[in-house]
Amino acid sequence: MNYNKKTVKDIDVKGKKVLLRCDFNVPQAKDGSGTITDDKRIRAALPTIQYLLDQGAAVIACSHLGKPEPDFDKWVKKQTEKGKDPASLTKEKWEKSLEALCMEPVAKRLSELLGKPVTLAGDINVVNDDVQAKAAALKPGEIMLLQNTRFNKGETKNNPEFAKKLADLADVYVSDAFGAVHRAHASTAGVADYLPAVSGFLIQKELDFIGGALANPKRPLVAILGGSKVSSKIGVINNLLEIADTIIIGGGMAYTFSAAQGGKVGDSLLEEDWKDYANDMVKKAADKGVKLLLPVDTVCADAFAPDAKSQVVKAGEIPDGWQGLDIGPETVKLYCDAVADAGTVIWNGPMGVFEFDKFAVGTKAVAEALSKTSAITIIGGGDSAAAVQQLGYADKMTHISTGGGASLEFMEGKELPGVACLLDA
Ligand code: ADP
Ligand code: MG
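Chemist: Would you mind going over a negative patch on the surface in detail, with residue names and values included?
Modeler: On the surface, Glu92, Glu95, Glu99 and Glu104 cluster together to form a negatively charged patch. Among the elements that make up the negative patch, the one with the highest residue count is helix α3 (residues 91-99) (three residues). The topology assignment puts Glu95 in helix α3.

Chemist: Residue-level account of the layout of surface pockets, with values.
Modeler: Leftover empty space is mapped by rolling, across the atoms, a probe with the size of a water molecule. Reported here for the largest pocket is a volume of approximately 580 Å³. A per-class count over the lining of the largest pocket returns twelve nonpolar, eleven polar and seven charged. Mapped onto the domain boundaries, the lining of the largest pocket takes at least three residues apiece from domain 1 (8-66 + 101-203) and domain 2 (217-411). If you add up the space inside the second largest pocket, you get close to 460 Å³. Top element by residues in the lining of the second largest pocket is strand β12 (residues 323-327). It accounts for four residues.

Chemist: So, the packing of helix α8 (residues 234-243) against helix α10 (residues 275-288): which residues are in play, and what are the values?
Modeler: Where α8 contacts α10, the axes come no closer than 10 Å and their chain directions differ by 10 degrees. When the axes of α8 and α10 are compared, the pair comes out roughly parallel. Touching Ile234, Ile237, Asn238, Leu241 and Glu242 of α8 are Tyr277, Met281, Lys284, Ala285 and Lys288, all from α10. Across the contact of α8 with α10, the residue classes break down as six nonpolar, one polar and three charged.

Chemist: Any details on empty space enclosed by the protein? Residues and values, ideally.
Modeler: All chains considered together, the criterion is met by one cavity of 30 Å³ or more. In this structure, the largest cavity occupies an estimated 30 Å³ of space. Partitioned by chemical class, the residues of the lining of the largest cavity number four nonpolar, three polar and two charged.

Chemist: Can you tell me about the sheet that holds strand β5 (residues 172-175), naming the residues and giving the values?
Modeler: If you trace the six strands from one edge of the open sheet to the other, you get β3-β4-β2-β1-β5-β6, paired in parallel fashion. Strands at the two margins of the open sheet, each flanked by one partner only, are β3 (118-121) and β6 (197-199). Across this sheet, the average inter-strand angle for adjacent strands is 25 degrees, counted without regard to direction. Pairing of β5 with β6 involves three bridges; the strand directions are parallel. By the bridge assignment, Val174 is partnered in β6 with Val198. Most of the contacts of helix α4 (residues 104-114) go to β3, to which it runs at about 165 degrees, and overall it touches β3 and β4 (143-146).

Chemist: So, the pattern of salt bridges: which residues are in play, and what are the values?
Modeler: Within this structure, the stated rule accounts for 20 salt bridges. We note a salt bridge from Lys284 to Glu242, for which the minimum N-O separation is 3.9 Å. Here the residue Lys284 occupies a position in helix α10, and Glu242 occupies one in helix α8, the gap between them amounting to 42 residues. You can call Lys284 partly exposed: its relative accessible area is 32%. Here Glu242 falls in the partly exposed class, since its relative accessible area comes to 48%. Ionic pairing is found between Glu330 and Lys333, a salt bridge with its closest N-O pair at 3.7 Å.

Chemist: Before we move on, can you summarise the nonpolar core with the specific residues and values?
Modeler: In this structure, Phe24 and Leu146 are the most contacted members of the largest nonpolar core, which totals 64 residues. When residues of this core are assigned to their parent elements, the largest contribution, seven residues, is made by helix α1 (residues 40-54). With residues near it in sequence (within four places) discarded, Phe24 still touches Arg41, Ile42, Ala45, Ile49, Ala61, Ser63, His64, Leu65, Met103, Val106, Leu110 and Leu145. In this structure, Leu221, Ile237, Ala285 and Val290 belong to the second largest nonpolar core, which totals 39 residues.

Chemist: Go over the domain arrangement of the protein chain with me, naming the residues and quoting the values.
Modeler: Looking at the assigned domains, one finds that the protein chain contains domain 1 (8-66 + 101-203) and domain 2 (217-411). If you average the C-alpha positions of domain 1 and of domain 2, the two centres end up 37 Å apart. With seven residues of domain 1 at the interface, the matching set in domain 2 holds nine residues. Carbon and sulfur atoms supply 65% of the area buried between domain 1 and domain 2, which totals about 570 Å² over both sides. On the surface where domain 1 and domain 2 come into contact, there are zero salt bridges. In this structure, the connection of domain 1 to domain 2 is made through zero residue pairs in polar contact (both at pLDDT 80 or more).

Chemist: Break down unusual backbone geometry for me, with residues and values.
Modeler: A cis amide bond links Arg219 with the next residue in sequence, Pro220, at an omega value of 0 degrees. Here Pro220 is to be found in the loop between α7 (201-215) and β7 (221-225). A positive phi is found at Val126, a non-glycine position, where the angle reads about 70 degrees. Of note, Val126 is situated in the loop between β3 and α5 (129-137). With a phi angle near 50 degrees, Asn158 is a residue other than glycine that sits in the positive phi range. Considering the arrangement of structural elements, one finds Asn158 in the loop between β4 and α6 (160-167). On the accessibility criterion, Asn158 (26% relative accessible area) is partly exposed.

Conventions and cut-offs
Residues numbered from 1 in each chain as written. Chains lettered and ligands numbered in written order. Predicted model: local features only at pLDDT ≥ 70, side-chain atom pairs only at ≥ 80, totals over all residues. Heavy atoms only, no water. Patch = residues over 30% accessible without salt bridge, like charges linked within 9 Å, V, L, I, M, F, W, Y side chains within 5 Å. Areas by Shrake-Rupley, 256 points an atom, 1.4 Å probe, with all protein chains shown as cover. Salt bridge = Lys/Arg side-chain N within 4 Å of Asp/Glu carboxyl O. Lys, Arg positive; Asp, Glu negative; His and termini not counted. Charge placed at Lys NZ, Arg CZ, Asp CG, Glu CD. Helix = DSSP H or I, 4+ residues; strand = E, 2+ residues; numbered from the N terminus. 1 Å grid on protein atoms, 1.4 Å probe; cavity = no way out; pocket = protein on both sides within 12 Å on 5 of 7 lines; lining within 4 Å. Points joined across faces, edges and corners; volume = space filled by probe spheres on them. Nonpolar A, V, L, I, M, F, W, Y, C, P; charged D, E, K, R; others polar. Domains from an automatic or database assignment. Axes fitted to C-alpha atoms, helices over the stretch in contact; angles between N-to-C directions. Parallel < 35°, antiparallel > 145°, perpendicular 65-115°, else oblique. Contact = heavy atoms within 4.5 Å. Pairing = 2+ DSSP bridges. Buried < 20%, exposed > 50% of the residue type's maximum accessible area, 1.4 Å probe, protein only. Core = buried A, V, L, I, M, F, W, Y, C linked by side-chain atoms within 4.5 Å. Buried area = accessible area lost by both parts, 1.4 Å probe. Polar contact = N/O pair within 3.5 Å; in protein donor to acceptor, adjacent residues only side chain to side chain.

Printed below as a string of structure tokens:
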């Protein structure tokens, strides 16, 4: 995939109507009040929005929010599958479920942050006569927001008619929703069939850093891979094995590697079906001359709990009834040494159950080591980003990806539809 894409700076947007796809998929309070519990994603979109407004563009912003089901029958089916009593599944309840995912709270917060009005327009179809009229009347320096793009049934199906309806509102398409570029939806990819399409600053940054690290890394390139399961990281391991000089394995998936080599892993996370794969990877790395590091010791616990009893044992020697929840102190030393003289480090997947303080030690030590290297440090994956933030190292990293799923697919080397559709630089 070509990561070199045109950005908002490469085109003239003065006096133009710009359809801007943002990632305003913000978490909201469970009480149905619409209260936004974390507005980080809205804040992250401000530089591109402000730039466009300052340049004299009229901005028509859009985003999805949550997972609404715009088809009543399908909603009933899904709820029934979740175990809800079909008799209780009324049209009113379905409408309420959609109402809970309306964009009002986003428009309000965006308006507060920008210090100017943000007109919200649209209904279940997203684009209707009112939206068309309001978009046509929008002046340079003004901004409006469309309703949740997933209210339209055509959004997730990448329906060309819906994509064209969105495109017809504007002269130019700017995508800044990195968190959604791995999905070929009408508002993330389809619209680019009808409009000149460029990236905003958020996507540009992701392409520069992650794309740069994959395509032309400053060496040595060290990939740190952890997290819970081998099976969810196959694509990432496979791709990075082709590129990296060193691969470090930690987290829950290390126990499948250990078991594959005949180690005892007690009650640790283990994917029996992936043991052969793990052995293949070790062999493949050796064939390719890629250094593959596995834990040499582990912190194991007598329960999966924050206050569990714990002990350090050698890798592959976890007693029955115990489970590995973190890398051990010798492994920490080994891994910190391995990143010390790296040119680039790509990190995906925590080294242990960092959600429990007691088992966050390995993840914290690795974050600390990264903060001290002169290497380009790139963090991908939702939980990894959360871990680095929670442990207080966020501002010490070169780049923390804003897209969980998107960054994983990026690191897997997959083509991202929402990027591929943009104009090449
Ligand atoms: P990311 O979202 O960054 O891609 P993953 O979703 O793969 O990361 O993994 C994150 C999860 O892995 C965390 O919730 C963490 O608690 C869990 N994890 C890490 N190490 C272990 C372990 N030894 N046992 C069980 N879970 C683990
Ligand atoms: Mg995750």
